[in-house]
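Now for the letters of each chain:
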Amino acid sequence: MIRVAVLGASGRVGTAIVAAIKKSEDMELSAAVDRGEDLQVLVDSNTDVAVDFTQPDAVMDNVAFCIDNSIHAVVGTTGWTQERYDAVRRQLADHPDVGVLVAPNFAISAVLTMKFAEIAAPFFESVEVIELHHPNKKDAPSGTAVHTAEGIAAARRKAGLGEQPDATEQQLDGARGAQVESVPVHAVRMTGMVAHEQVIFGTQGQTLTIKQDSYDRESFVPGVVIGVQKIAQHPGLTIGLEGFLGLDV
Ligand code: NAP
């Protein structure tokens, strides 16, 4: 039995994670922590793994507490910067057995979309990314779409592909999307949608579309569960769930 604490337990994602742990046969809920509660409960409840879905101004203190107390951390909370990653790495140096997983996206369909796109990229002349989200999303394009485009661009460079063919000479602002390392990324904001991504590849006489859809916050649960189950085998800082999925293809 893995003893799991959820930080941000009453939040939108936290609620789904708590419910999944309660139903699980190999995990048990050691603590459900909300804003303002003392983290000492993690130690007192013999927590093995803490799952953090709180907010960017809380996550660093939470992770620091976990590392100091030899508790593994599986983190979905956003707001990470290189400085933040470096701070966690420095702290982990004194606690070599502790694992911290920070995943910008726990939806396995989104993680696989990125991976499949990297595999396909060398074989196609053209590629564009379209992300579609609910209209309350504050940033555009999504971090996942940017990450997808960066992975495609890296794979194209490695394969020796040059610029994509595009004869556009005049355009309305934004008509060709945002350029992420020369990969166009288009953002759609639409009532009724949740979180969706498409990568369209094209070459002579053929296209390939990779498409994923997240319909609700349940979509993050299987990825978080994998993180919790595997974190003890991955000491140190891991960024991205892909490192836990055995995707060495
Ligand atoms: P949310 O509904 O606002 O939930 C966050 C919860 O954390 C709230 O209940 C909040 O309490 C609580 N909280 C704030 N500070 C806390 C602290 N110091 N200790 C314990 N609890 C604290 O947000 P959400 O949609 O669940 O998302 C949470 C975070 O995960 C965000 O950063 C979001 O961007 C990220 N996220 C990541 C993924 C991924 O796949 N990586 C997926 C979805 C969301 P109050 O209501 O009192 O503030």
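Because the structure is predicted, anything quoted here is derived from the model rather than measured.

**Side note on the packing of aromatic side chains**
Evaluated as defined, the whole model comprises three aromatic pairs. With centroids separated by 5.3 Å and ring planes inclined at 40 degrees, the aromatic side chains of Phe124 and Phe201 adopt a geometry described as tilted. Within this pair, whereas Phe124 is found in the loop between helix H5 (108-120) and strand E6 (126-133), its partner Phe201 is found in strand E9 (residues 195-203), the two being separated by 77 residues in sequence. The residues Phe124 and Phe201 share a single accessibility class, namely buried.

**Considerations on the UniProt feature "binding site: NADP(+)" (unreviewed entry) in the protein chain**
Per the UniProt annotation, the sites labelled "binding site: NADP(+)" (unreviewed entry) are Arg35. Residue position: Arg35 is located in the loop between strand E2 (27-33) and helix H2 (40-44).

**Section: empty space enclosed by the protein**
Summed over the entire model, instances satisfying the criterion amount to one cavity of 30 Å³ or more. If you go around the largest cavity, the residues you meet are Ile17, Ala20, Ile21, Met27, Val221, Val224, Val225 and Val228. Elements represented by at least two residues in the lining of the largest cavity include exactly helix H1 (12-23) and helix H7 (221-230). Per element, the largest residue contribution to the lining of the largest cavity is four residues, and it comes from H7. Its residues placed into classes, the lining of the largest cavity shows eight nonpolar, no polar and no charged.

**Section: the side chain of His186**
Considering the arrangement of structural elements, one finds His186 in strand E8 (residues 183-189). Residue classification places His186 among the buried residues on the basis of a relative accessible area of 19%. Here Glu128 takes part through its side chain, which lies 2.7 Å from a polar atom of the side chain of His186. Aside from chain neighbours lying at most four places away, what touches His186 is Glu128, Val129, Ile130, Glu131, Ala175, Arg176 and Gly177.

**Brief notes about the site of the ligand**
Around the ligand, a shell composed of 20 residues is seen, among which Arg12, Val13, Arg35, Ala103 and Phe106 lie nearest. Contact distances for the ligand include 2.9 Å between an oxygen atom and a side-chain N or O atom of Thr78. One nitrogen or oxygen atom from the main chain of Phe106 is found 2.8 Å from an oxygen atom belonging to the ligand. Expressed as a share of its isolated accessible area of 910 Å², the protein-covered part of the ligand is 75%. In this structure, the ligand is accommodated by the largest pocket. A per-class count over the shell around the ligand returns eight nonpolar, nine polar and three charged.

**Thoughts on the nonpolar core**
With 28 residues, the main nonpolar core has Ile17, Val51, Val74, Phe106, Val224, Val228 and Leu241 as its most contacted residues. Among the elements of the structure, strand E1 (2-7), H1, strand E3 (49-52) and H7 are those that each provide at least two residues to this core. At six residues, the largest contribution of residues to this core is made by H1. Leaving out residues up to four positions away in the same chain, Val74 has contacts with Val49, Ala50, Val51, Asp52, Leu101, Phe106, Val224, Gly227, Val228 and Ile231.

**So, the sheet that holds E9**
Pairing is mixed across the open sheet formed by five strands, whose spatial order is E7-E8-E6-E9-E10. Of all the strands in the sheet, the pair left with one neighbour each is strand E7 (178-180) and strand E10 (206-214). For this sheet the average axis-to-axis angle between neighbouring strands, irrespective of direction, equals 20 degrees. Bridge count for E9 against E10 is nine bridges, and the pairing is antiparallel. In the strand pairing of E10, Val199 is matched with Ile210. Contacting E6, E7, E8 and E9, helix H6 (residues 143-158) runs over the sheet at an angle of about 170 degrees to E6.

**Focus: the layout of surface pockets**
Computed from the structure, the largest pocket encloses a volume of approximately 1500 Å³. Elements that contribute at least two residues to the lining of the largest pocket include exactly H1, H5, E6, H6, E9 and E10. For the lining of the largest pocket, the residue count by class is 18 nonpolar, 21 polar and nine charged. The space that makes up the second largest pocket amounts to roughly 300 Å³. Around the second largest pocket sit 13 residues that line it, and Asp34, Arg35, Gly36, Thr54 and Ala58 are the ones nearest its centre. When its residues are assigned to classes, the lining of the second largest pocket shows four nonpolar, six polar and three charged.

Thresholds applied
- Residues numbered from 1 in each chain as written.
- Predicted model: local features only at pLDDT ≥ 70, side-chain atom pairs only at ≥ 80, totals over all residues.
- Heavy atoms only, no water.
- Phe/Tyr/Trp six-rings, centres within 6.5 Å; stacked < 30°, edge-to-face > 60°.
- Helix = DSSP H or I, 4+ residues; strand = E, 2+ residues; numbered from the N terminus.
- Buried < 20%, exposed > 50% of the residue type's maximum accessible area, 1.4 Å probe, protein only.
- UniProt positions renumbered as here; feature names shortened; annotations may be inferred.
- 1 Å grid on protein atoms, 1.4 Å probe; cavity = no way out; pocket = protein on both sides within 12 Å on 5 of 7 lines; lining within 4 Å.
- Points joined across faces, edges and corners; volume = space filled by probe spheres on them.
- Nonpolar A, V, L, I, M, F, W, Y, C, P; charged D, E, K, R; others polar.
- Polar contact = N/O pair within 3.5 Å; in protein donor to acceptor, adjacent residues only side chain to side chain.
- Contact = heavy atoms within 4.5 Å.
- Near = heavy atom within 4 Å.
- Areas by Shrake-Rupley, 256 points an atom, 1.4 Å probe, with all protein chains shown as cover.
- Sits in = over half its atoms within 2 Å of the grid points.
- Core = buried A, V, L, I, M, F, W, Y, C linked by side-chain atoms within 4.5 Å.
- Pairing = 2+ DSSP bridges.
- Axes fitted to C-alpha atoms, helices over the stretch in contact; angles between N-to-C directions.

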